[in-house]
Amino acid sequence: QLSLCRVTVKRPFSSSHSSVDSKEMKKFQLLAHKWWDEEGEYAALHSMNDIRVPFIRDTLLSMSSNYHLGNPLSGIKILDVGCGGGLLSEPLGRLGASVTGIDPVEDNIRTADQHKSFDPVLAKRIQYKSSSLEEIVEESMETFDVIVASEVVEHVADLETFIKCCSQVLKPEGSLFITTINKTQLSYVLGIVVAEKIMGIVPEGTHEWEKFVPPEELERLLESNGFSVKTVKGMLYNPLSGSWRWMESTSLNYAVHALKAGARPPPPATGTLPQTDIQQPSATAGTAP
Amino acid sequence: LGHDIHFLDKKIALLEAGPRKEYDHMPDSYSNRVSSISPGSATLLRSCGAWDHVCSLRLKAFRRMQVWDACSEAMIVFEKDDLDDMGYIVENDVIMSALTKQLDAVADRVEVFYRSRAVRYTWPLPSHSSDTSPWVQVELADGRRLQTKLLIGADGHNSVVRKEAEIKNIEHQYDQSAVVATLHLSEATDNNVAWQRFLPTGPIALLPLSDTASSLVWSTSHDHASELLSMDEESFVDSINSAFWSNINHSDFIDTAGAMFRSALSFLKPSGTAVRQLPPSVAAVDAGSRAAFPLGVGHATEYVQHRVALIGDAAHRVHPLAGQGVNLGFGDVACLAHHLSAAAFNGSDLGSLQHLLKFETERQRHNVSLIAATDVLKRLYSTTLAPLVLLRTWGLQATNALPPIKVRI
C-alpha cells in the first residue's frame, strides 16, 4: 500500500499533464542520426550557435564577477532541455559549463552521447539523459544555475507546465534562455511555407504554426510564474549565407532571457508582504506517478 | 595561439623538423637567409611578445625602397611620409630564436616536438555515425601518435599536409634561381635603403643588414646562378657591382622616350619625380655565404578542409621580387589566429569548416591579387623587347608620380 502512495513534500503539480507531445517525438526520431551533419537537415541549427552561444555566454558573463580565462562558463550548471543531438550542449560544455542535456527521444540521446564520447573533456562535462522535463523535476529541484530551451517551446504540449517545471529545477535568480518562433502571418509564410516546403531549410513537418508562441504570450506566462523577463531579441536567418543575425523585429524568430525571482525578495521599501513562494506544496499534491 | 586568452584551456602541438634554435646573442657574421618583415608582420610578432626579442638580438630597419629598371632610367621610390620604418630586414634565425623564447613561455599549453617528422596522417571520415575517431590522427617517425581536432599545415611549398589532404595545387616552376649571399660594402653608410634593380635576367636586390653589410638576393637564370656560385669572390663582387651600375641594357630610343615622359610628368605633377640615389658599391662577400635555391609560384585551390588548414608557403608560393613571401604567411597566421580565437570563445569545435572557410575567403581574396601581380611583374621585367620596356618604363614612372597607387603598394 505504502508503495502506491508516494507522498513527497515538494510535488506541487500532477504528472497527468505532460509537456511532451508524442507526435512531435516521432518526427524527431526519424532524423536522429542527422544531427551532426553540419550541412545537412540541421544546418540552420548549427549556424544558430553563432548567435545563441554568444548571447548566453555574454549574458551570463555580465552577471557574474568571476571570469576564468579560457573557461568563461566554468562552475555554471546548465540544463539543456530538448537538447536533441547535443548541438548546443557541446559549445556550452567547451566554454567550461557542466551541462545536463535531456531529450525525450532516446535516439537523440544516443547520438549525443556517442558524439561527445570522442572528446575526453566534453565527455566529463556533459551528461545526457533520455527524459522529459517533468521526469527530472523531483530529483533536480533548484539544481541548475541556467536552463536553456532553444527551439523547444514550439514543440511542447503544455507551455505553462513546461515553464513551471523550469522554475522548479532552477535555482533562485537563475537564468532561463528560450529561443523560439513567433506566431505571425510572416512566420507562417517564411517559417513553414518557404523554410519547409519550398527551400527545405527545415525538414518538412517539423513545425506546426498553431504551436508557435508569440513573445507577448511567452512573457505573460513567464511573468505570472515567477520569472522576470530581461531581454527579448528578434533573430533572422539568411538562407543564402546560411547565417543568423539579430534584428529589431520579433515577428519571426526570437530569443528571450528571463530571471527567476530570488528566494528572498529584496526588502520592500513600503513594507508590503512578499509574494508567495511558488515552492510551497499545493493542495493537489498526492497523485501517484 | 599559445598566447591567446581564449586558448588557455587548449593543448597545441608543434612539429618542427629542425633543431631547437635559441640564441642569446648572434654570431658576428650574418646568416645569408634573411626576410623583409613588413610593419604589419612586426605588429603580429609584437602581439605575441616575440618582437622584443628580435630587437634585442639584431635587425635593420629601412626607410626607403628604390626600384629601377636596367633597360631605362625609370625608377620608383617608396617611402613613408612620416619617415617611419617601411620594413625591417631580419635574419631568419633571429626570428626563430625569438619565437622559441615565446614558445617556452607557454610550454604548458604548447608542446614543441623538435626534429620530428609526421609519417602518416589519418583523416576523419565525413560520416559522423562511424565508430572511428572523428579527429585527425598523426603518426610520427618515432612511432608516437597524436590526435587533433585541427591540423594546420605550415610545411612549406612542398607541403606534405597539402598532398596528403589531396588539395590541388596550381604551380609553375620559374626558370630562375635566387642567389643569396652576405656582402660587405666598400664604405660604411646609413644603409637604410633597400635597393632593387630589374635586370632582363631577373631582379637583383640589396637589403641592408648593418652600416657595413647587406644581404644579396639575386634572381637569375639557373645557369647564371651556378656560374655566380662557382666564380671566385672578386669576380662575384664585380658582377654585383656591374649589375647595379652598368647601363649596357639602355637603348637611345628608350632613354629618350623615358626622358620625354618624365618631363611631361614633372610638368603635370612637379613633386612626382624623386631624386635618384646611388646604391652602395660592394667590396667583399662573406666566405661560404653564397647559396642558391630554385624559384616558383604556386597557389593551393583550397586553403581549408574539414579539420585541416594551410598557411604560408604551403598555401601559396611567390617570387621574392616583392619581398612579400613571409609577410603573406604572417598575414595568414594573424587571420587564422583571429578566427580560431573567436571560435574558441564561442565554444565551437576548432576543426569545424564554418570558421575555417571564413579564414580561407579572407586570405584568398588578399593573397591571390598580390600573387598574380607579383607574377605579372616578374614576366613583364624579364624581357628587353622595346614595347614592353617602354610600357613598364612609363608605368613605373607614372606609378612613382601618383601617390594613391604607391600607398596601396
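Residues numbered from 1 in each chain as written. Chains lettered and ligands numbered in written order. Predicted model: local features only at pLDDT ≥ 70, side-chain atom pairs only at ≥ 80, totals over all residues. Heavy atoms only, no water.

**Notes on the overall build of chain B**
Then comes step 1: Helix and strand counts for chain B stand at 11 helices and 20 strands.
Then comes step 2: Expressed as a percentage of the 409 residues in chain B, the buried residues total 49%.
Then comes step 3: The contacts in chain B between residues at least 6 apart in sequence include a share of 75% that link residues at least 24 apart.
Then comes step 4: With the model as given, the accessible surface of chain B reaches about 19400 Å², and the carbon-plus-sulfur share is 56%. (Helix = DSSP H or I, 4+ residues; strand = E, 2+ residues; numbered from the N terminus. Buried < 20%, exposed > 50% of the residue type's maximum accessible area, 1.4 Å probe, protein only. Contact = heavy atoms within 4.5 Å. Areas by Shrake-Rupley, 256 points an atom, 1.4 Å probe, with all protein chains shown as cover.)

**Here we look at the nonpolar core**
Nonpolar side chains in soluble globular proteins tend to be buried together.
Residue and element names in this part refer to chain A.
Then comes step 1: In this structure, Leu-73, Ile-78, Leu-92 and Val-148 are the most contacted members of the largest nonpolar core, which totals 39 residues.
Then comes step 2: Elements that contribute at least two residues to this core include exactly helix H2 (43–63), helix H4 (106–117), strand S3 (126–130), strand S4 (144–150) and strand S6 (227–238).
Then comes step 3: Per-element accounting of this core gives the leading share, 8 residues, to H2.
Then comes step 4: Residues in contact with Val-148, not counting those within four places in the same chain, are Ile-56, Ile-78, Leu-79, Asp-80, Val-81, Leu-88, Leu-92 and Phe-177.
Then comes step 5: Counting residues in each nonpolar core, the second largest holds 30 residues, with Ala-149, Val-153, Cys-165 and Ala-258 among its members. (Core = buried A, V, L, I, M, F, W, Y, C linked by side-chain atoms within 4.5 Å.)

**Observations regarding the packing of helix H2 (residues 50–57) of chain B against helix H3 (residues 92–105) of chain B**
Residue and element names in this part refer to chain B.
Then comes step 1: For the pair H2 and H3, interaxial distance at closest approach is 8 Å and the crossing angle is 135°. Judged by the inter-axis angle, H2 sits oblique to H3. As H2 packs across H3, the resulting crossing turns out to be right-handed. Across the interface between the two elements, Ala-50, His-53, Val-54 and Leu-57 of H2 pack against Val-94, Ile-95, Ser-97, Ala-98, Leu-99, Lys-101 and Gln-102 of H3.
Then comes step 2: Here the contact of H2 with H3 is built from residues that sort into 7 nonpolar, 3 polar and 1 charged. (Axes fitted to C-alpha atoms, helices over the stretch in contact; angles between N-to-C directions. Parallel < 35°, antiparallel > 145°, perpendicular 65-115°, else oblique. Left-handed = near helix turned anticlockwise from the far one by under 90°. Nonpolar A, V, L, I, M, F, W, Y, C, P; charged D, E, K, R; others polar.)

**Digging into the sheet that holds S3(A)**
All names here are of chain A.
Then comes step 1: With respect to topology, 8 strands assemble into an open sheet ordered S3-S2-S1-S4-S5-S8-S6-S7, the strand pairing being mixed. One side of each edge strand has no neighbouring strand; the edge strands of this open sheet are S3 and strand S7 (243–247). Mean inter-strand twist for the sheet, computed between neighbouring axes without regard to direction, equals 20°.
Then comes step 2: Pairing of strand S1 (residues 77–81) with S4, which is carried by 3 bridges, proceeds in the parallel orientation. Bridged to Leu-79 within S4 is Ile-147.
Then comes step 3: Strands in contact with H4 are strand S2 (98–103) and S3; relative to S3, the strand with the most contacts, it is inclined by about 160°.
Then comes step 4: Packing against the sheet, helix H9 (residues 215–223) makes contact with strand S5 (170–181), S6 and strand S8 (253–260), and its axis sits at approximately 155° to S6. (Pairing = 2+ DSSP bridges.)

**Re the environment of Thr231(A)**
Residue and element names in this part refer to chain A.
Then comes step 1: For Thr-231, the location among the structural elements is in strand S6.
Then comes step 2: Distance in space between the C-alpha atoms of Thr-231 and Phe-177 is 9.5 Å, their sequence separation being 54 residues.
Then comes step 3: Among all residues touching Thr-231, those that are not within four sequence positions of it are Phe-55, Ala-255, Val-256 and His-257.

**Looking at the pattern of salt bridges**
Then comes step 1: This model, assessed by the stated rule, comprises 20 salt bridges over all chains.
Then comes step 2: The shortest N-O distance in the salt bridge between Glu210(A) and Lys183(A) comes to 3.7 Å. Remark: Lys183(A) occurs in the loop between S5 and helix H8 (185–198) and Glu210(A) occurs in the loop between H8 and H9; sequence separation between them is 27 residues.
Then comes step 3: For Arg379(B), the salt bridge identified is with Asp375(B), shortest N-O distance 2.7 Å. Here Arg379(B) pairs with Asp375(B), and both are found in helix H9 (residues 353–380), just 4 residues apart, close to one helical turn.
Then comes step 4: Through salt bridges with shared partners, a single network forms among Glu106(A), Asp107(A) and Arg110(A). (Salt bridge = Lys/Arg side-chain N within 4 Å of Asp/Glu carboxyl O.)

**A word on the packing of helix H8 (residues 325–345) of chain B against H9(B)**
Residue and element names in this part refer to chain B.
Then comes step 1: Contact pair H8 / H9: the axes reach a minimum separation of 9 Å and the direction vectors enclose 160°. Between H8 and H9, the angle falls in the class roughly antiparallel. Like other packed secondary-structure pairs, H8 and H9 cross with a definite hand, here right-handed. Packed against H8, whose contacting residues are Leu-328, Gly-331, Asp-332, Cys-335, Leu-336, His-339, Leu-340 and Ala-343, the element H9 presents His-355, Leu-356, Lys-358, Phe-359, Glu-362, Arg-363, His-366, Asn-367, Leu-370 and Ile-371 at the interface.

**What to know about the UniProt feature "domain: FAD-binding" (unreviewed entry) in chain B**
Then comes step 1: With numbering matched to this structure, UniProt assigns "domain: FAD-binding" (unreviewed entry) to residues 131–250 and 286–367 of chain B.
Then comes step 2: End C-alpha atoms of residues 286–367 of chain B are separated by 35 Å, and the span's content is 44% helix alongside 21% strand. (UniProt positions renumbered as here; feature names shortened; annotations may be inferred.)

**Some remarks on the interface of chain A and chain B**
Then comes step 1: Taken together, the contact between chain A and chain B spans 27 residues of the former and 23 residues of the latter.
Then comes step 2: Between chain A and chain B, roughly 1900 Å² of surface is buried when both sides are summed, and carbon and sulfur atoms account for 47% of that area.
Then comes step 3: Joining chain A to chain B, the criterion identifies 1 salt bridge.
Then comes step 4: With its nearest N and O atoms 3.0 Å apart, the salt bridge here joins Asp119(A) to Lys149(B). (Buried area = accessible area lost by both parts, 1.4 Å probe.)

**A look at the environment of Lys211(A)**
Residue and element names in this part refer to chain A.
Then comes step 1: When you line up the elements, Lys-211 lands in the loop between H8 and H9.
Then comes step 2: By relative accessible area, which is 17% here, Lys-211 ends up buried.
Then comes step 3: Expressed as a C-alpha distance, the spacing of Lys-211 and Asn-182, which sit 29 residues apart in the sequence, is 9.3 Å.

**Observations regarding the environment of Thr122(B)**
Then comes step 1: One can find Thr122(B) in strand S8 (residues 118–122).
Then comes step 2: Apart from residues no more than four positions distant in its own chain, Thr122(B) is found in contact with Trp135(B), Val136(B) and Gln137(B).

**Some remarks on the confidence of the model for chain A**
Residue and element names in this part refer to chain A.
Then comes step 1: Averaged over every residue, the pLDDT of chain A is 81; the share at 70 or more is 84%.
Then comes step 2: By mean pLDDT, the top-scoring element of chain A is S1 (94), and the lowest-scoring one is helix H1 (residues 22–30) (74).
Then comes step 3: Overall, residues 1–16 carries pLDDT values under 50, and its contacts beyond four positions in sequence, including any with other chains, amount to 18 contacts.
Then comes step 4: Here residues 271–289 scores under 50 on pLDDT; set against residues more than four positions off or in separate chains, the count is 20 contacts. (pLDDT = per-residue confidence, 0-100.)

**Thoughts on unusual backbone geometry**
Then comes step 1: With a phi angle near 65°, Glu173(A) is a residue other than glycine that sits in the positive phi range.
Then comes step 2: Inspection of the secondary structure assignment puts Glu173(A) in strand S5.
Then comes step 3: A positive phi is found at Arg307(B), a non-glycine position, where the angle reads about 70°.
Then comes step 4: Mapped onto the fold, Arg307(B) is located in the loop between strand S18 (304–305) and strand S19 (308–310).
Then comes step 5: Look at Arg307(B) and you get buried, because its relative accessible area is 4%.

**Quick notes on the sheet that holds S18(B)**
Residue and element names in this part refer to chain B.
Then comes step 1: Strand order in the open sheet formed by 3 strands is S11-S19-S18, with mixed pairing between adjacent strands. Edge positions in the sheet fall to strand S11 (151–153) and S18, since each of these pairs with one other strand and no more.
Then comes step 2: Sheet analysis places S11 next to S19, joined by 3 bridges and oriented parallel. Bridged to Gly-153 within S19 is Leu-310.

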